[in-house]
Amino acid sequence: MGGLTRGLAGWLRHSARLVPAGRRAWVEALWAEAGQVPAGPARLAWRAGGLRLIAREALLARRAAKVLVFAAAAVWVVHAAWPGPAGNPATAVNRLNVVTLLPALAGLPLLARWLFGPGAPGPMARVLRSGGYAAVLVLTLAKAGVEQVRDNPAALPHLSSDASVPVTTGMIYTWLVESVFLLVIGLYVAAILAVTARRPRVAPATLAAGTGTGIALGAVMYAVAPLGLAGHATDPWLHGFPIALVVLLAWVLLFGGPVLAGVVAARCYRGPGSLEQIRKARIRQAVAAGFLAAAVGALMVAVLGSATIALMSRAGWVLHWLYPGQHLPAAVSYANQLAASVRADNYGTILLVFPVIGLLMGLAGGGLAAPAPLLGPPPGGGGPPRPPGHPAPDPPGGIRLAAAADGRLVRLPGFAEDSPYDAEPALPRAG
Amino acid sequence: MARRAEFSAQTLSVLAALCADPREWRHGYGIARDTGLKSGSLYPILIRLADRGLVEARWEEGQPAGRPRRHLYRLTPEGLASAGAALAATPARAGGRGGRRVARGELRWAD
């Protein structure tokens, strides 16, 4: 114990540097008091509290650091997405995205805190929030790059014949599509903030199950459609049977993944309440896990795919990576970029449809898992259900047993003490 | 939406401990003993109260023999007024003896 206390003391002394300078006096104050606390577990607990204080104060400083990181990322997004030639419709679209999304990203946490409470504790919730924000920022940036390639009026004559150019390319159509995109992204951010807030009580296991499945779905979907979504796989690496297998896996993961995540989340849920409350809570966890699985998958494929397409025209290594060992003529390479940038629009469909599928499949998973682990007999014992106000009759002999707080079975007062059921059972006489 | 309470139950217990004798400078371990709070809960509360100007803190003067100098705390006049108002609006068990006396106006910072 002495060694542990001394070790903790050393740790406390060194880790106090993590706390901002203005707060260090408080850690020193706690440290100074430790000598007055009786030696042994009490002193150990006192010093452990010191570590908690350091963690808390250091995290508060980290919160300020998070705001700074977001501000820096926002400046970078503005710097990359704002400029553009006046003749390119993408310039206006990108500027709209920037002026809409960045304030939304900054303001939604405040709204979510008001509606759903502060962020849930635990690394899973923090990772999901940070990851979600990073994903949306990268998507905004990547989308800006894709738009600049696709909406460049000089690019149209270079489009290959199989590129599906949108029929309606007027500004009304563009603004409508962009409004839907912004709404969908706003809903994604709001949903991530909601499931990682305290009040909805989404369990860490649910977040882990949903996110893990979503990452698997996103990775497989990216393997199928790294260069935009089309009627066929846009994967330049795989052909024939292997790509058919990956496409099949994507379908299985799209519909089966959220069900699996829902089942896992429902089974892992441990909470207080009656059987009915637990069943409902498990279904809620399953729906959240299913939604997360599909939403994380959709966001991941949209981010990775858009970034790949945006980088095609900017980084030579991406072309080498996509088409290994092939020397593509400049015209073919440009046509590939244009076709991919047009197909990138279809990631919007994934972003819109996947969460709905996830919600439904998660609900199915909850339905499969929630009623299974019954913790005991239904209220009122066995037999057919009775109408309200008609309790089950007492058992023969007037004995009723109830579980005592300490787990023993005790007799409730008011029932026959000398019941024949207490006597030793008599053996039937022969003859 | 219901308005959030100004002080948590734990903060109220700290305020009540400091109210027992508002003029006396108290040290952290003493407050922890009175309130039953762990150090990891007590010190963040003291920090927030100090940030709000409800508690003042200073280091013990001089170097005592055999132990490090202590950090000492007491309520500011504003802190005493806030504590009195908060404890008056709180069930008696949360306020403690000192809290109830402040709430009744029996104790004032300038007494």
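The structure this text deals with has already been given above.
Residues numbered from 1 in each chain as written. Chains lettered and ligands numbered in written order. Predicted model: local features only at pLDDT ≥ 70, side-chain atom pairs only at ≥ 80, totals over all residues. Heavy atoms only, no water.

Q: Which residues make up the overall build of chain A, and what values do they have?
A: Each helix and strand counted, chain A has 12 helices and 2 strands in total. Ordering the α and β elements of chain A from the N terminus gives α-α-α-α-α-α-α-α-α-α-α-α-β-β. In chain A, which comprises 431 residues, the share counted as buried stands at 40%. The long-range share in chain A, meaning contacts at least 24 apart out of those at least 6 apart in sequence, stands at 76%. For chain A, the exposed area adds up to about 23,100 Å²; of that, 70% sits on carbon and sulfur atoms. (Helix = DSSP H or I, 4+ residues; strand = E, 2+ residues; numbered from the N terminus. Buried < 20%, exposed > 50% of the residue type's maximum accessible area, 1.4 Å probe, protein only. Contact = heavy atoms within 4.5 Å. Areas by Shrake-Rupley, 256 points an atom, 1.4 Å probe, with all protein chains shown as cover.)

Q: Describe the pattern of salt bridges, listing the residues and the values that go with them.
A: Taken as a whole and judged by the stated rule, the model has 10 salt bridges over all chains. Linking Glu33 of chain A and Arg70 of chain B is a salt bridge whose minimum nitrogen-to-oxygen distance equals 3.5 Å. With Glu33 of chain A in helix H2 (residues 24-34) and Arg70 of chain B in the loop between strand S2 (55-59) and strand S3 (71-75), this residue pair bridges two chains. Note on Glu33 of chain A: relative accessible area 0%, which makes it buried. Between Arg74 of chain B and Glu56 of chain B there is a salt bridge; the shortest N-O distance is 3.0 Å. Remark: Glu56 of chain B occurs in strand S2 and Arg74 of chain B occurs in strand S3; sequence separation between them is 18 residues. (Salt bridge = Lys/Arg side-chain N within 4 Å of Asp/Glu carboxyl O.)

Q: How would you explain the sheet that holds S2 of chain B if you had to name every residue and give the values?
A: Residue and element names in this part refer to chain B. With respect to topology, 3 strands assemble into an open sheet ordered S1-S3-S2, the strand pairing being antiparallel. Looking at the sheet topology across the chains shown, the edges are occupied by strand S1 (26-27) and S2. As paired strands, S1 and S3 are joined by 2 bridges and run antiparallel to one another. Considered in S3, the bridge of Arg26 is made with Tyr73. Across the sheet, helix H1 (residues 9-19) is in contact with S1, S2 and S3; its angle to S3 comes to roughly 90°. (Pairing = 2+ DSSP bridges. Axes fitted to C-alpha atoms, helices over the stretch in contact; angles between N-to-C directions.)

Q: Before we move on, can you summarise the packing of aromatic side chains with the specific residues and values?
A: By the definition in use, this model includes 6 aromatic pairs over all chains. Relative to Tyr133 of chain A, the ring of Phe70 of chain A has its centre 6.0 Å away and its plane inclined at 65°; by these criteria the two rings are edge-to-face. Of this pair, Phe70 of chain A sits in helix H3 (residues 41-81) while Tyr133 of chain A is found in helix H5 (residues 123-150), placing the two residues 63 residues apart along the sequence. Consider the rings of Tyr43 of chain B and Tyr73 of chain B, whose centres lie 6.4 Å apart with planes at 80°: the pair is edge-to-face. (Phe/Tyr/Trp six-rings, centres within 6.5 Å; stacked < 30°, edge-to-face > 60°.)

Q: So what's going on with the interface of chain A and chain B? Residues and values would help.
A: Tallying the contact residues gives 21 residues for chain A and 23 residues for chain B. With both chains or domains summed, chain A and chain B bury close to 2,000 Å², and 64% of this area falls on carbon and sulfur atoms. The largest per-residue losses of area from chain A upon contact with chain B belong to Trp26, Glu33 and Trp46 of chain A, which jointly make up 32% of the total buried on that side. One can count 6 residue pairs in polar contact (both at pLDDT 80 or more) joining chain A with chain B. When residues of the side of chain A that touches chain B are traced back to their parent elements, those giving at least two are H2 and H3 of chain A. Looking at side-chain class alone, the side of chain A that touches chain B contains 12 nonpolar, 3 polar and 6 charged residues. (Buried area = accessible area lost by both parts, 1.4 Å probe. Polar contact = N/O pair within 3.5 Å; in protein donor to acceptor, adjacent residues only side chain to side chain. Nonpolar A, V, L, I, M, F, W, Y, C, P; charged D, E, K, R; others polar.)

Q: Residue-level account of the side chain of Thr206 of chain A, with values.
A: Residue and element names in this part refer to chain A. Here Thr206 lies in helix H7 (residues 204-224). For Thr206, a relative accessible area of 0% gives the class buried. Once residues lying within four places of it in the same chain are set aside, the contact partners of Thr206 are Ala265, Gln285, Ala288, Ala289 and Leu292.

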